[in-house]
Amino acid sequence: MSMPFYVSPEQLMKDRADYARKGIARGRSVVVLQYDDGIAFASENPSRALHKISEIYDRIAFAAVGKYNEFENLRVAGVRYADLRGYSYDRVDVTARGLANAYAQTLGTVFTTESKPLEVELVVAEIGAGPADDQLYRLTYDGSVAEEQGYVVMGGQAERLGALVAAQWEPGLPLAQVLAIGVRALGSAPEEGAEDRQLSPAQLEVAVLDRTRPRRAFRRLTGDLLADVLAAAG
Amino acid sequence: MGPVPSSGRLPAAYTTPGSSSFAQFLAQAAPELLPGNRPTGGGDLGVPHGTTIVAVTFDGGIVMAGDRRATAGSMIASRHIEKVFPADEYSAIGIAGSAGLAIELVRLFQLELEHYEKIEGNLLSLDGKANRLATLLRGNLGLAMQGLAVVPLFGGYDLARAAGRIFSYDVTGGRYEETEHHAIGSGSVFARGSLKKRWRPGLDADGAVEVAVEALVDAADDDSATGGPDAGRRIYPVVATVSAAGYLRVPDTQLAAVSTRIDVERQVGDPRA
């Protein structure tokens, strides 16, 4: 009878984490930025049908990077979770915190018990009555959750783009300005010496959770509407 | 809310791909929440019943109107119940029958449409919505056989045809498209008579609102279970237009003016004569 090779738990977890990180790093980034009237999401994504940013519930949205089939599955699960909760209790009882917990448990269980971790990173965002009540949760492949303030950058170049956004973002900016910061970061040159790219509206997927809208706050910005908002910042 | 496995991970029903239907998901994740899955003893429970709903087409949309009365036997259970609701941005649903179940069915139907929209990223066609409602009704047949029937009236703006359309149903989930106008509920016989005389092609939205309110006034005249406009308490029917602009509720000020005009016309005799 042959014995399997011994692999230490540390090594096993490290291998899985490396695998997931590599998968996520291949994808394009998503930036999530708070502005005075809500939360804006932007990603370089030429597809009009395969979204990285989606509505979950009245005041809650979802953004993801990594493997499409895996985060799409989590997105659908999130919509089902939120709709069932709102149906059994009330619409106001659906919270981003509850959803982030459910996602964290799912990601964590898959990471420790299955042979392959999910190659995804998520943001669950909820707008409140004012900017101080907004919530931004960032979830990683191993199920860890972090509550972020102001902005989140995920995906391939997260650290580099995060530094660019950090240098310019501040609380209370209007939508056009935060979008300009996000889009500039997404188009910035990956290494020293290369040219920055100017991303056109057709290359971008942009959506907002708009506090001023009555019930369903999620809205996609496309075409002329997006071009106008981008032009407004100059 | 369904069994939660020991790992805390979302159960398999949440992550099973393929279905965009909330009702189908509910049947797996929390079947006890589906209205059709509840056993009742049968017989007359004396629960509130909602009554008359009318729908009228006009050029570019529909008007749906419902009175505000719910009755339990000969008693008025409520004089301000609402029985006309937005199903989604481009459709409306009105309900007659057992009030508690009807409101639950409306909640489920509204969520069914929103759920589909969020998962698929686009709206269902108007025919698709009408068919989904028929399926939900079919699930209720057991309760209907025990005397807890719910009959909806559904109407909306068809974005593909750029026109308003109306659908009626029976308790078995039969779906029938109506032309011009329709009414359901205990006062529907009188409302339909009124609609036939007053509806004409080429109505605009305001004209259709008048025709619909007048039909409810006629229903309330002859049916004890239908409530007319109540100026004293400022309780007016729930009236909504659905057109390319979406679902819009007609404000009470406009309804007050319409019902006063109908009153005055009837006091001084018929001006059409």
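Scroll up to find the structure.
Conventions and cut-offs
Residues numbered from 1 in each chain as written. Chains lettered and ligands numbered in written order. Predicted model: local features only at pLDDT ≥ 70, side-chain atom pairs only at ≥ 80, totals over all residues. Heavy atoms only, no water. Helix = DSSP H or I, 4+ residues; strand = E, 2+ residues; numbered from the N terminus. Polar contact = N/O pair within 3.5 Å; in protein donor to acceptor, adjacent residues only side chain to side chain. Contact = heavy atoms within 4.5 Å. Core = buried A, V, L, I, M, F, W, Y, C linked by side-chain atoms within 4.5 Å. Buried < 20%, exposed > 50% of the residue type's maximum accessible area, 1.4 Å probe, protein only. Axes fitted to C-alpha atoms, helices over the stretch in contact; angles between N-to-C directions. Parallel < 35°, antiparallel > 145°, perpendicular 65-115°, else oblique. Nonpolar A, V, L, I, M, F, W, Y, C, P; charged D, E, K, R; others polar. Buried area = accessible area lost by both parts, 1.4 Å probe. Salt bridge = Lys/Arg side-chain N within 4 Å of Asp/Glu carboxyl O. Pairing = 2+ DSSP bridges. 1 Å grid on protein atoms, 1.4 Å probe; cavity = no way out; pocket = protein on both sides within 12 Å on 5 of 7 lines; lining within 4 Å. Points joined across faces, edges and corners; volume = space filled by probe spheres on them.

Asker: How should the side chain of A:S188 be read in this particular structure?
Answerer: Residue and element names in this part refer to chain A. Topologically, S188 is positioned in the loop between α5 (175-187) and β9 (204-210). Within the structure, the side chain of S188 is placed 3.0 Å from the side chain of R160, a separation counted as a polar contact. Setting aside chain neighbours within four positions, we find S188 in contact with R160, L161, L164 and D196.

Asker: What exactly am I supposed to notice about the nonpolar core here?
Answerer: Side chains of a nonpolar character, in soluble globular proteins, are inclined to be buried together. Counting 65 residues, the largest nonpolar core has A:I56, A:Y103, A:L122, B:I93 and B:F154 as its most contacted members. Beyond its immediate chain neighbours, meaning those up to four positions away, A:Y103 contacts A:I56, A:F62, A:L74, A:R75, A:G78, A:L122, A:V124 and A:L139.

Asker: Can you walk me through the environment of A:E170 in this structure?
Answerer: Looking at where A:E170 falls in the secondary structure, it is placed in the loop between α4 (158-168) and α5. Separated by 13 residues in the primary sequence, A:E170 and A:Q157 have C-alpha atoms spaced 21 Å apart.

Asker: Sorry if this is basic, but what is going on with the packing of α5(A) against helix α6 (residues 223-232) of chain A here?
Answerer: Helices that pack against each other are described as a pair by the angle of their axes relative to one another and the distance between those axes. Residue and element names in this part refer to chain A. α6 packs onto α5 with a crossing angle of 90° between their chain directions and a minimal axis gap of 8 Å. Between α5 and α6, the angle falls in the class roughly perpendicular. Here α5 contributes L175, A176, L179 and V183 to the contact with α6, which in turn contributes L226, V229, L230 and A232. Its residues assigned to classes, the contact of α5 with α6 comprises eight nonpolar, no polar and no charged.

Asker: Please clarify how the interface of chain B and chain A should be interpreted in this entry.
Answerer: A common measure of how large an interface is: the accessible area buried when the components associate. Counting from both sides, the interface comprises 27 residues of chain B and, opposite them, 27 residues of chain A. Roughly 2,500 Å² of surface becomes buried between chain B and chain A when both sides are summed, with 56% attributable to carbon and sulfur atoms. Applying the counting rule to chain B against chain A returns five salt bridges. Here B:E114 and A:R91 are joined by a salt bridge, their closest N and O atoms 3.0 Å apart. Applying the counting rule to chain B against chain A returns 16 residue pairs in polar contact (both at pLDDT 80 or more). Secondary structure elements with two or more residues in the side of chain B that touches chain A: α1 (12-15), α2 (22-29) and α3 (99-120) of chain B. Top element by residues in the side of chain B that touches chain A is α3(B). It accounts for nine residues. For the side of chain B that touches chain A, the class distribution of residues is 15 nonpolar, six polar and six charged.

Asker: I tried to follow the sheet that holds strand β13 (residues 246-249) of chain B on my own but got confused; where do I start?
Answerer: As a general point, the strands of a sheet are linked pairwise by backbone hydrogen bonds and lie either parallel or antiparallel. Residue and element names in this part refer to chain B. Across the sheet, five strands lie side by side as β11-β2-β3-β12-β13; this open sheet has antiparallel pairing. With one partner strand each, in any of the chains shown, β11 (181-184) and β13 form the two edges of the open sheet. Going across the sheet, the axis of each strand differs from the next one's by a mean of 15°, ignoring polarity. Direction of pairing for strand β2 (residues 53-58) relative to β11: antiparallel, over a ladder of four bridges. Residue pairing for β11: I53 is matched across the bridge by I184.

Asker: Help me understand the layout of surface pockets, please; the structure alone is not making it clear to me.
Answerer: Once rolled over the atoms, a probe with the size of a water molecule shows which space is left empty. As a volume, the largest pocket reaches approximately 1,300 Å³. Lining of the largest pocket is provided by 38 residues; of these, A:E55, A:R215, A:R216, B:E114 and B:E117 occupy positions nearest its centre. Among the secondary structure elements, those contributing two or more residues to the lining of the largest pocket are β3 (53-57), α2 (68-88) and β10 (218-221) of chain A together with β6 (84-88) and α3 of chain B. Looking at which element gives the most residues to the lining of the largest pocket, the answer is α3(B), with eight residues. Lining the second largest pocket are 16 residues; nearest its centre among them are A:A180, A:V183, A:R184, A:A185 and A:Q198. Elements with a contribution of two residues or more to the lining of the second largest pocket: α4, α5 and α6 of chain A. Considering every element that reaches the lining of the second largest pocket, the biggest residue donor is α5(A), with five residues.

Keep in mind that these numbers describe shape and distance, not what the molecule does.
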